[in-house]
Amino acid sequence: MSFVSGKTRRYFHPSFPRKKIDFNIYYSSDLPKIFIGDEDRIKQIFVNLISNAIKFTPAGFVHAKLWWQNKQLQFTVKDSGCGIDHSDQHKLFKPFSQVDNTSKRSHEGTGLGLVICKQLCEQMGGSIRVESSLGRGACFNVSLPLAISDHAHFNAKVRKPNKTPIKHLKVLVVEDLKTNQMIIKLMLNKVQIEPTIVDNGQKALDILTIESFDVVFMDCRMPIMDGYTATKELRKQDYSKPIIALTAGTTSAEREACIQAGMNDILCKPYLASELHDILTIWGCEIK
């Protein structure tokens, strides 16, 4: 991307439109098309790093690059700005630290921006590091272990739009906890869906042999048969309808386990009604 509109420039930092900065984002050709991860957290890290680079670059360049390596999303944000002295770099990820405590410094401190980036990276099992020297710009490097969608699990029929009116949509919920059953039932009832609910994977297999459903919401951890095992068995039987994981797990390993089992998507607990409805829309179920 070599051209960024004024609106996009202001999105990154208020001073961006006034600066003479060459801004580019480079995407590697080997970058997977679909990641399984926390979109909001990843976006926040990316935007924070670009905003910080723009803040400390009066003129020159800010370049970002994304690529895939060792089962991790890698990205860098590099600038030609004022840079950071090696002796000050340990302060960058501490709350409210300034890299220049003199009265003559020309920029505000990084505040919580880089601290938040570090915390978000670590929460996702990733890391962030900086390479810089005074007067020679800075380069922030981020590595995030993410799962990627394996299209081999997906039947092409799954991605065709399902024009079933929402009030006629048949939904199977596989969830063992009564409280969680009640929550998802109430959320679905608000859009005129009356779900069928069973409390373990074996019951899901049994009912799916005699009845058809448009979408299945599958809890991962249940007694008798868990969601991973049930999903694998369904895929062995060429079951092609969407199976959405219901899980409180947020690590990349747990997300990857869902995808490897054959689940099409993940709805993380606790979820909002809007998130539940959005995921139905994503998988071809029209909500009106």
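These notes cover the structure that comes with them. (Residues numbered from 1 in each chain as written. Predicted model: local features only at pLDDT ≥ 70, side-chain atom pairs only at ≥ 80, totals over all residues. Heavy atoms only, no water.)

**Quick word on the pairing of strand β6 (residues 138-145)**
Operational definition: Relative accessibility thresholds used throughout: buried, under 20% of the residue-type maximum; exposed, over 50%; partly exposed, between the two (1.4 Å probe, protein chains only). The numbering of helices and of strands both runs from the N terminus, where a helix is a DSSP run of H or I of at least 4 residues and a strand a run of E of at least 2. Pairing between two strands is assigned when DSSP locates at least 2 bridges connecting them.
Most of β6 sits out of view: 8 of its 8 residues are buried. Neither face of β6 is exposed, since A138, F140, V142 and L144 on one face and C139, N141, S143 and P145 on the opposite face are all buried. Bridge count for strand β4 (residues 72-79) against β6 is 8 bridges, and the pairing is antiparallel. Paired with F75 across the strands is V142, a residue of β6. In terms of strand pairing, strand β5 (residues 127-132) meets β6 through 6 bridges, oriented antiparallel.

**Quick word on the pairing of β5**
Covered by surrounding structure in β5 are I128, V130 and S132 only, the residues S127, R129 and E131 on the alternate face being uncovered. Counting the residues that bridge the hairpin from β5 to β6 gives 5 residues, and of these G135 lies at a positive phi of roughly 80°.

**So, the pattern of salt bridges**
This is how the line gets drawn: Salt bridge, as used here: a side-chain nitrogen of Lys or Arg that lies within 4 Å of a carboxyl oxygen of Asp or Glu.
Per the counting criterion, the structure on display carries 7 salt bridges. Here E122 makes a salt bridge to K118, at a shortest N to O gap of 2.6 Å. Of this pair, E122 and K118 both sit in helix α3 (residues 113-123), 4 residues apart, which is roughly one turn of that helix. What makes K118 partly exposed here is its relative accessible area of 28%. A salt bridge links K203 to D199; its shortest N-O distance comes to 3.1 Å.

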